[in-house]
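Here are the chains, one letter per residue:
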Amino acid sequence: MQQSTKKPKVVGYWFNEKKCQKFGVAELKAECESRGIKLVKIDLSIPIEEQGPFDLLLHKLTALFAQARSQDPKAQAAIKMFESYIGKHPECFVMDPLPSVHQLLLRNQTYDLLQQCFKNDDLVFTPTYVQVFERNILENRKLLTSTNVTFPVVCKPVTAGGGVEAHEMAVVFNETGIEECVLPCVAQSFINHGAVLYKLFVLGPVWFVVVRPSLKNFYAGVDGCFGFNKLKEQATVFFNSSNVSKADSESPLTRLDPEDMNGTIPSADPAVFNRIVTTLREALQMDLLGIDVVVDSSSGKYGIIDVNAFPSYDSVPNLMSHLVDVIVSHLHLSTPDSATGRISGVQEGQPHGAGPHQPQEDSGVDTG
C-alpha cells in the first residue's frame, strides 16, 4: 500500500511557563501526533514568520495581555508580533480570537457583556456591579446607590488575569470597608448561594460542570467573620478566590453558619447551564472558557460571577482528547461529537447530577 505524503497540519502554541507546567504539554503533543497534527511551541522573542507557517494558533495570552496593559515593553512587543502574524495570515485559525480574550481581561467589560447577553433571560443574570476609583465614602455611596449595588459586596481586581493578585478579593459590608481595598476595583453585589459554586468548563461544543465549595452566606448588619455579632462597623473579609473554591478547601469561609444550614439549596438545571454556555460561546466566538455560576438561595436564579479564557481544566477527564477534538474540527480533519453537558460532585468526585455522559473524577482546580 502506498503511504500518504499529505503534509501534516501544524498547530503553533504559546503558553507562559506556569501554564506549560500545569497543563501537561507533553500529553497534548502526544495526542496531537496520534491525530496526525504537529504541535510547535512558538518563541515570541523571534519573528513568528520564521517559525511557521501554522494552520492553527492555540494560546493563553491572558497574563501577557495584563503585562502589556501595565506598560511592560516586552509584553507589548510580543502581543504586537502575535497580532501582526494573525493579520498577515487570515487562513490561520486562532483559538481563541484575541479581541474576545482581551474583553474577558477586564471584569467590568465582562459584566457589561453578561448583562447584554442575558438581559431578556428570566433565570440568568449577573449581579449588579460598579467600578470604584476613589476612597470617598459619600461619592461611593452615591455610586453604589445609582447602580443598585447592595451590601455586602465583593470587591474584585479590575483585571481578571495575569497572576495571583487577580484572585485577591474581599467581602465588604459598608462604604468604609471599600477604602481598605486596592483601587480601582469592581464592587459586585454578593449573592447568597449556600456556599456552592458551579464551575463550567467549556471545550468547544462539550462542557462539564464541577461543583465546588464557595463563600458562605453573608448579610448586611451581621458580622462577616462570626455570623452572630451585630456590629455597626463590620470587618472586611479578605480571601483568595482560587483557594476558597478548591475541591479540598477547608476554609472557615466555606462553612455555613448554623442558622443557614437548614435552608434549602436550589438544585441546578443542566439545561440552564447549556443555555449559558451556548449564549456565551456565540457572543464571544470562543471555544475555551471557564464560567463561574452560583444559584441564588432566595430566587433560584443563576448568577454568573466570572468568565475566564482558557481555564486549567484539571477537573476534566480525557482533557487532551476533548481539546484535540476541537482543534481537529477547526482544521476540518473530522467533526467532534455534538454538544454534551456533564456534571460531577465535589466531595468524592461522585456524579452529582445527570447529563448524557459524566466525568470520572474531580481533581479540583480553579478556572483562572
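All values reported here derive from a predicted model rather than from experimental measurement. (Residues numbered from 1 in each chain as written. Predicted model: local features only at pLDDT ≥ 70, side-chain atom pairs only at ≥ 80, totals over all residues. Heavy atoms only, no water.)

**As for the overall build of the protein chain**
Formally: Each helix corresponds to a stretch of at least 4 residues labelled H or I by DSSP, and each strand to a stretch of at least 2 residues labelled E; elements are numbered beginning at the N terminus. Summary of the burial criterion: residues with accessible area below 20% of their type's maximum are buried, those above 50% are exposed, and those between are partly exposed, where the area comes from a 1.4 Å probe applied to protein chains only. Any two residues whose heavy atoms approach within 4.5 Å are treated as being in contact. Under the convention used here, a 1.4 Å probe and the Shrake-Rupley method define accessible areas, while residue burial counts only the protein chains that appear.
The secondary structure content of the protein chain amounts to eleven helices and 15 strands. Here the protein chain holds 368 residues, and the buried ones make up 55% of them. Put simply, 71% of the contacts in the protein chain that link residues at least 6 apart link residues at least 24 apart. A total of about 17,400 Å² of accessible surface is found on the protein chain, and carbon and sulfur atoms cover 51% of it.

**Brief notes about the sheet that holds strand S2 (residues 37-41)**
What counts is decided by this rule: The pairing criterion is simple: DSSP has to find at least two bridges between the two strands. Axes here refer to lines fitted to C-alpha atoms; in helices the fit is confined to the stretch in contact. Angles between the N-to-C directions go from 0 to 180 degrees.
Strand order in the open sheet formed by four strands is S2-S1-S3-S4, with parallel pairing between adjacent strands. Each end of this open sheet is capped by a strand with a single partner; those strands are S2 and strand S4 (93-95). The average undirected angle you get between the axes of adjacent strands in this sheet is 20 degrees. Here four bridges tie strand S1 (residues 9-14) to strand S3 (residues 56-59), and the two strands are oriented parallel to one another. Residue Tyr-13 lies in a different strand from S3, and its bridge partner there is Leu-58. In the packing of helix H2 (residues 25-34) onto the sheet, the strands contacted are S1, S2 and S3, and the crossing angle to S2 comes to about 150 degrees. Lying over the sheet, helix H11 (residues 319-330) contacts S1, S2, S3 and S4, oriented at roughly 155 degrees with respect to S4.

**Examining the pairing of strand S13 (residues 288-295)**
The two faces of the sheet receive side chains in turn, since in a regular strand these alternate between them. By the criterion of burial, S13 is predominantly enclosed, with eight of the eight residues buried. Because side chains alternate across S13, one face comprises the buried residues Leu-288, Gly-290, Asp-292 and Val-294, and the other comprises Leu-289, Ile-291, Val-293 and Val-295, equally buried. Two strands pair when backbone bridges link them, and strand S10 (residues 196-203) and S13 are joined in this way by six bridges, in the antiparallel orientation. Bridged to Leu-200 within S13 is Ile-291. Pairing of S13 with strand S14 (residues 302-309), which is carried by seven bridges, proceeds in the antiparallel orientation. Within S14, the residue paired with Ile-291 across the bridge is Val-307.

**Concerning the UniProt feature "binding site: Mg(2+) 1" (unreviewed entry) in the protein chain**
Just so we agree on the cut-off: UniProt positions are given in the numbering used here, feature names are shortened, and annotations may be inferred rather than shown by experiment. Here a polar contact means two N or O atoms within 3.5 Å. Within protein one must be a hydrogen donor candidate and the other an acceptor candidate, and residues neighboring in sequence count only if both atoms are side-chain atoms.
The UniProt feature table records "binding site: Mg(2+) 1" (unreviewed entry) at Asp-292 and Asp-306. Within the secondary structure, Asp-292 is located in strand S13. By the secondary structure assignment, Asp-306 is in strand S14. With near-sequence residues (within four places) excluded, Asp-306 lies in contact with Arg-107, Tyr-111, Lys-156, Met-169, Gly-290, Ile-291 and Asp-292. A polar contact of 3.1 Å, which involves the side chain of Asp-306, links it to the side chain of Arg-107.

**Let's talk about helix H4 (residues 73-88)**
For the record, the criterion: Take the number of residues in a helix, subtract one, and multiply by 1.5 Å to get its expected span. This arc corresponds to the set of directions leading from the helix axis out to the C-beta atoms.
Compared with the 22 Å implied by 1.5 Å per residue over 16 residues, the 22 Å span of H4 between its first and last C-alpha is a close match. Those residues of H4 that sit buried are Ala-75, Ala-78, Ile-79, Phe-82 and Tyr-85. Take H4 and look down its axis: the buried residues cluster within an arc of 125 degrees, on one side only. Structural note: H4 exposes Pro-73, Lys-80, Gly-87 and Lys-88 on the side pointing more than 90 degrees away from its buried face. Buried residues belonging to H4 abut S1, S3, helix H3 (62-69) and helix H5 (98-103). Capping of H4 at its N-terminal end is provided by Asp-72; its side-chain oxygen lies 2.9 Å from the backbone amide nitrogen of Lys-74.

**What to know about the packing of H3 against H4**
Going by this rule: For classification purposes, an angle smaller than 35 degrees is called roughly parallel, one larger than 145 roughly antiparallel, one from 65 to 115 roughly perpendicular, and anything else oblique. Should the near helix be turned counterclockwise from the far one by less than a right angle, the crossing is left-handed, whereas a clockwise turn marks it as right-handed. The classification used treats Ala, Val, Leu, Ile, Met, Phe, Trp, Tyr, Cys and Pro as nonpolar, Asp, Glu, Lys and Arg as charged, and all other residues, Gly among them, as polar.
The interhelical angle for the contact between H3 and H4, taken along N-to-C directions, is 125 degrees, at an axis separation of 7 Å. As far as their axial angle goes, H4 and H3 are oblique. Both H3 and H4 take part in a crossing whose hand is left-handed. Along its contact with H3, which presents Leu-64, Phe-65, Gln-67 and Ala-68, the element H4 presents Ala-75, Gln-76, Ala-78 and Ile-79. Split into classes, the residues belonging to the contact of H3 with H4 amount to six nonpolar, two polar and no charged.

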